[in-house]
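Results of the structural survey
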Amino acid sequence: MAEKTTKISKPKNTFKATDLYKRLMTNEGLLSLKQHESLLRGESVNLDSVPDKQMRYLITNNLIKQGE
Amino acid sequence: MATNASGRQYNAVVGIQEGGNLAIGGDGDLADGDFLSSGNYFMRMASVNPINYDGSFQTATVLKSGRRTYEDGDYIQQYGNGVWTWDFDYIVENKILLESLLTLVTEIADTTGTITVTPAHANASRDYSHGVDNDLTGIVLLEADTVGGLSDHDHIMHSSILQNLTLSMDADVDGGRLHAAGQFMSGYKPIVKNSGITGAATASDFEKTIFSMGTRTIGGHATTTMKAFSITISNPATRVGWQGTSGEADGYTRGGLFDISGSITVKYDDAMADALADWQGGTAYAILIEQSNTSFSIPSARMTGHNIDMADEGMFVEIPWTATTGAAGAGNLALFKAFAG
């Protein structure tokens, strides 16, 4: 019998780039190019798909901040 | 009676070798035009080191059978198939000289604007074969003055590679002034003679101190109280084979690790105490040290230590680091902004 799974949707985390991101991040790293370009434009971007390692780096270094 | 001489009678003149006039391994018979863009500036230091000849010989002692004592012929000495080195520690005062040093160590031709060390640049190979014109080797001229009979004993080290360059500032050393220290290496015999040339007028137009660095961001902590920092750019070379009839190099290869690493010493406060956890967690730090027209940026510095100094005068922590190309391997190793005055 197939196991029943329930999908729980995680709250979406959106972030904006800080000035430091715009100065130091000259490529997308482990973000998608679309996410990177949106951040550079100052937009709020959902970063749920970004690997933990990259998120830890971006948050620790204040390269991104929580967006609305 | 011979005249006494002092080390004060020697000046160092350092610049990029103009390969169009003096290719790698050329005759070293200097003219002003052998320095790229007339960049034959004086590197004025507290003291001038001599060229080190220790590595320039291949030696062996072979005690032949039937004897228990050396005779002269047992000492085998081949001069010329080794390397010569010259070390310097320069309190930076001249902008163009600093730019020249950065070109020689990073292999980036134009260092007058933003200097970006990309992975593509650092991973690329360049041709340093004998006879090549690449404008990426240096000339070191140790020039004697005319007093004391040493004017025929200028020391010329041409076709040399700047293997490493350390840029550092320390609040407790020389008023926090920027130091540039490093080592030149050549696989060609230094020439000792009257070079017939001298340095160009050298302006004191770049006298940065640690105290002028208004932006100091490390690991997301802004305006950190910084006591010292240093950045070492290593781009080593190896002499290749030999050519001619005296064992001199057949050029070089630069195939070793292109490394940018250093350390930063900052006040140990609540924010910087967190660096211990970040080090343990393997989180890379972004480092930015800047004054409006000068900056040192390391986007992804992997911490290699967390050394707390519990001094009575105040607690500081030294954080050694190594620049990486980031998690995706495509980020810049370092960015240095134009070294304006």
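Read on for an overview of the structure. (Residues numbered from 1 in each chain as written. Chains lettered and ligands numbered in written order. Predicted model: local features only at pLDDT ≥ 70, side-chain atom pairs only at ≥ 80, totals over all residues.)

A few words now on the overall build of chain B. Counting secondary structure elements, chain B contains three helices and 21 strands. A globule of 341 residues ought to have a C-alpha radius of gyration of about 20 Å, and chain B, at 22 Å, matches this closely. Over its C-alpha atoms, taken along the principal directions, chain B stretches across nearly 70 × 55 × 45 Å. Burial statistics for chain B: of 341 residues in total, 40% are counted as buried. Taking contacts inside chain B between residues at least 6 apart in sequence as the whole, the part at least 24 apart equals 73%. (Helix = DSSP H or I, 4+ residues; strand = E, 2+ residues; numbered from the N terminus. Rg over C-alpha atoms; globule rule 2.2 N^0.38 Å. Buried ≥ 20, exposed ≤ 12 C-beta atoms within 10 Å, placed from the backbone. Contact = placed C-beta atoms within 7 Å.)

Looking now at unusual backbone geometry. Positioned with a positive phi, Asn62(A) is a non-glycine residue whose angle comes to about 55°. For Asn62(A), a count of 17 C-beta atoms within 10 Å gives the class partly exposed. Phi at Ser37(B) takes a positive value of approximately 55°, unusual for a residue other than glycine. Position of Ser37(B) relative to the elements: it lies in the loop between strand S1 (10-16) and strand S2 (41-42).

Further remarks concern the interface of chain A and chain B. Between chain A and chain B, the residue contacts involve 14 residues of the former and 17 residues of the latter. Elements with a contribution of two residues or more to the side of chain A that touches chain B: helix H1 (19-24) and helix H3 (52-60) of chain A. With five residues, the top contributor of residues to the side of chain A that touches chain B is H3(A). Classifying every residue of the side of chain A that touches chain B by side-chain character gives five nonpolar, seven polar and two charged. (Nonpolar A, V, L, I, M, F, W, Y, C, P; charged D, E, K, R; others polar.)

All names here are of chain A. Taken in spatial order, the three strands make up an open sheet running S2-S1-S3, and their pairing is antiparallel. Each end of this open sheet is capped by a strand with a single partner; those strands are strand S2 (45-46) and strand S3 (64-66). As defined by bridge partners, strand S1 (residues 14-17) adjoins S3 across three bridges and the pair is classed as antiparallel. Counted as the bridge partner of Phe15 is Gln66 from S3. (Pairing = 2+ DSSP bridges.)

In this structure, Tyr21(A), Leu63(A), Leu101(B), Val140(B), Tyr285(B), Ile287(B) and Ala301(B) are the most contacted members of the largest nonpolar core, which totals 93 residues. Apart from residues no more than four positions distant in its own chain, Ala301(B) is found in contact with Ala284(B), Tyr285(B), Ile287(B), Trp321(B), Thr322(B) and Ala323(B). (Core = buried A, V, L, I, M, F, W, Y, C linked by C-beta atoms within 7 Å.)

Listed in full, the buried residues belonging to H3(A) are Tyr57(A), Leu58(A) and Thr60(A). Against the buried residues of H3(A) lie S3 of chain A together with helix H3 (270-280) of chain B.

Moving on: the sheet that holds strand S15 (residues 251-253) of chain B. Residues and elements named next belong to chain B. Taken in spatial order, the three strands line up as S7-S15-S14 in an open sheet, and their pairing is antiparallel. Each edge of the open sheet carries a strand with a single partner, namely strand S7 (128-129) and strand S14 (238-239). In terms of strand pairing, S7 meets S15 through two bridges, oriented antiparallel. Within the sheet, the bridge partner assigned to Ser129 lies in S15 and is Gly251.

Where a strand is regular, its side chains alternate between the two sheet faces. Residue and element names in this part refer to chain B. Relative to strand S18 (residues 294-303), strand S17 (residues 285-291) runs antiparallel, the two sharing six bridges. Across the sheet, Leu288 pairs through a bridge with Ser297, a residue of S18. Between the antiparallel neighbours S17 and S18 lie two residues. One ladder, built from two bridges, connects S18 with strand S21 (residues 334-336); its direction is antiparallel. Bridge assignment links Phe296 to a residue of S21, and that residue is Phe336. Both S18 and strand S20 (residues 314-323) contribute to a ladder of three bridges, which runs antiparallel. Along S20, the bridge assignment pairs Met303 with Trp321.

All names here are of chain B. The set of residues buried in H3 consists of Met272, Ala275 and Asp278. Within H3, the buried residues cover an arc of 75° as seen down the axis, which keeps them to one side. Residues Asp270, Ala277 and Gln280 are exposed on H3 and point more than 90 degrees away from its buried face. Following H3 by one or two positions, Gly282 has its phi on the positive side, about 70°. (Arc of directions from axis to C-beta.)

Turning our eyes to something else, we now look at the environment of Gln9(B). Residues and elements named next belong to chain B. Mapped onto the fold, Gln9 is located in the segment before S1. When the C-alpha positions of Gln9 and Ser159 are compared, they lie 24 Å apart, and in sequence the two are 150 residues distant. If we ignore the near neighbours within four places in the chain, the residues touching Gln9 are Ala144, Asp145, Val147, Gly148 and Leu150.

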